[in-house]
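# Results of the structural survey
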Amino acid sequence: MAKPKVATASLAGCFGCHMSILDIDERILKLIELVDFDKSPIDDIKKFTGRCAIGLIEGGCANEENVHVLQEFREHCDILISVGDCAINGDIPALRNNIPLKECLEEAYLNGPSVYNPEKTIPNDKELPLCLDRVYPCHEVVKIDYFLPGCPANAEIIWQALVALLNNKPLDLPYEIIKYD
Amino acid sequence: MSDQITFTIDGVEVKAKPGQTIMQAADDAGIYIPRLCYHPELTAHGSCRVCTVIVNGKPQTACTQPAAEGMIVENDTPELLEHRRNLVDMLFVEGNHLCMFCERSGNCELQAMAYRLGILAPKYPYFYPDKPVDSTHKDIFLELNRCILCGRCVNASKDVDGKGVFDFVGRSIDKKIAVNSDKNLKDTTMAVTDKAAQVCPVGSINKKGTAFKIPYGSDIEHKK
Ligand code: SF4
Ligand code: SF4
């Protein structure tokens, strides 16, 4: 029987939660026995090759590309998991959420103390994904099945969740490994 | 009048002295009722509703309800667990709780309660409110993004410090903590030794220069 597939993506995140996936240390060898990685920055597969059992999402949705990727994950994955605080509550990128987008862009590209921008332009190339008005937690964009908090989500919670879900067990995470920081 | 009251919590017999609340009697008996705004040294505020128990079939806050002879109290039930989770979820989405860089993380009563209740993510949409930070005082900074309106600072400043530095202003979703000055915390009589500076359950009233004293991952409060 073919191994179940796992896909991962980093949206508006810092790749810290992906580092945590690697932080399961030598258990990564067991993980490779359990699953194949599909679309993921870990193997650099850019396009889904088929149906995936589990999708791990790091980061919230800060721009339209994040939304497209997230929707694509929802279509292709049986179980979709928000991994880390950015996916769950926006975290650091969401610090802009109570400041109007225009003000954020002007501060970043025109008014900030260290800005050098003699043309006084705010990047607007059509290749650039448009910023959303604010950063959205993933579950406010698509249905998310499970949440693994932490900044980053720690290796233990990721490992225990993957093992439980891949074995069709309920996700019964011990008190000690639930952390929001 | 008897000098002892007998009642039950989840079927366990508990003794209380006259005048004790359900919470005080439970604490004396070693039975834990989850709570947030309650502080044993301050007047109970009864505002967070996390300590809600079912008394003879009706919901009551354990921190304010006096113990009475023969009352039947339910505390540890699936319905109350759900109720408490909902309340804590609301507190998270109504503020900006980014534990990752919060000075109180690991030593915060709200965070500890969420861990205890097994909350992985709040079920409600986030508000991302725009709340002020007041760092004008030389020893204390106020970070109202994290205030849960528990009222401890209000009561401590009024009743213990005799100052009335803090009070609530506004109503409903606009309710907030304000300081007793036209300007900022530095323009009040607040001192870092005040009771009001010691009792905040979250990272809202903070002493400068004490951040991150509690190491990562070793939350000390409300451990099972
Ligand atoms: S006050 Fe508590 S819950 Fe809020 S951000 Fe700080 S540690 Fe987290
Ligand atoms: S500042 Fe702290 S003590 Fe005062 S009401 Fe807010 S949470 Fe409670």
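Before going into details, it helps to say that this report is about the structure given with it. (Residues numbered from 1 in each chain as written. Chains lettered and ligands numbered in written order. Predicted model: local features only at pLDDT ≥ 70, side-chain atom pairs only at ≥ 80, totals over all residues. Heavy atoms only, no water.)

### Regarding the packing of helix α2 (residues 27-34) of chain A against helix α6 (residues 155-166) of chain A
Residues and elements named next belong to chain A. Let me state the cut-off plainly: Between N-to-C directions, angles cover 0 to 180 degrees, with each direction set by a line fitted to C-alpha atoms, over the stretch in contact for helices. A run of DSSP states H or I qualifies as a helix once it reaches four residues; a run of E qualifies as a strand once it reaches two. Both are numbered from the N-terminal end. Orientation categories follow fixed angle ranges, with anything under 35 degrees roughly parallel, anything over 145 roughly antiparallel, 65 to 115 roughly perpendicular, and all other angles oblique. Handedness of a crossing follows from how the near helix is turned relative to the far one, being left-handed for an anticlockwise turn of less than a right angle and right-handed for a clockwise one. Note on contacts: a residue pair qualifies if any of its non-hydrogen atoms lie within 4.5 Å across the two residues. Amino acid classes used here: Ala, Val, Leu, Ile, Met, Phe, Trp, Tyr, Cys and Pro are nonpolar; Asp, Glu, Lys and Arg are charged; the rest, including Gly, are polar.
Direction vectors running N to C along α2 and α6 enclose 25°, while the axes themselves pass 12 Å from each other. Taken together, the axis directions place α2 and α6 in an arrangement best described as roughly parallel. Crossing of α2 over α6 shows left-handed handedness. In contact with Arg27, Lys30, Leu31 and Leu34 of α2, α6 contributes Glu156, Trp159, Leu162 and Leu166. By residue class, the composition of the contact of α2 with α6 is five nonpolar, no polar and three charged.

### Some thoughts on the sheet that holds strand β4 (residues 58-61) of chain B
Residue and element names in this part refer to chain B. Note the following rule: Two strands pair if DSSP finds at least two bridges between them.
Reading across the sheet, the five strands line up as β2-β1-β5-β3-β4 and stay open at both edges, with mixed pairing between neighbours. Two strands close off the open sheet at either side, each with one partner strand: β2 (12-16) and β4. Ignoring strand direction, the axes of neighbouring strands in this sheet form an average angle of 35°. Summarising the sheet, strand β3 (residues 52-55) and strand β5 (residues 72-74) pair through two bridges and their orientation is antiparallel. Residue pairing in the sheet places Ile54 in a bridge with Glu74 of β5. Sheet strands touched by helix α2 (residues 78-94): β3 and β5. Its angle to β3, the strand with the most contacts, is close to 150°.

### Brief notes about the packing of aromatic side chains
Just so we agree on the cut-off: Note on aromatic contacts: the rings of Phe and Tyr and the six-membered ring of Trp form a pair at centre separations within 6.5 Å, being stacked when their planes are under 30 degrees apart, edge-to-face when over 60 apart, and tilted otherwise. For each residue, the accessible area found with a 1.4 Å probe, counting protein chains only, is set against the maximum for its type, and the residue is called buried under 20%, exposed over 50%, and partly exposed in between. Note on geometry: a ring has a charge over it if NZ (lysine) or CZ (arginine) is within 6 Å of the ring centre and within 35 degrees of the ring normal.
A complete count under the given rule lists four aromatic pairs over all chains for this structure. With 4.9 Å between their ring centres and 70° between their planes, Phe48(A) and Phe73(A) make a pair best called edge-to-face. Of this pair, Phe48(A) sits in the loop between β2 (36-37) and β3 (52-58) while Phe73(A) is found in helix α3 (residues 64-76), placing the two residues 25 residues apart along the sequence. The buried category is assigned to Phe48(A), whose relative accessible area is 13%. Plain terms: the ring middles of Tyr180(A) and Phe92(B) are 5.8 Å apart, the flat faces sit at 90° to each other, and that makes the pair edge-to-face. Taken together, the residues span two chains, with Tyr180(A) in the segment after α6 and Phe92(B) in helix α2. The class of Tyr180(A) is buried, set by a relative accessible area of 8%. The residue whose ring lies beneath Arg134(A) is Tyr136(A), and the NZ or CZ to ring-centre distance is 4.1 Å.

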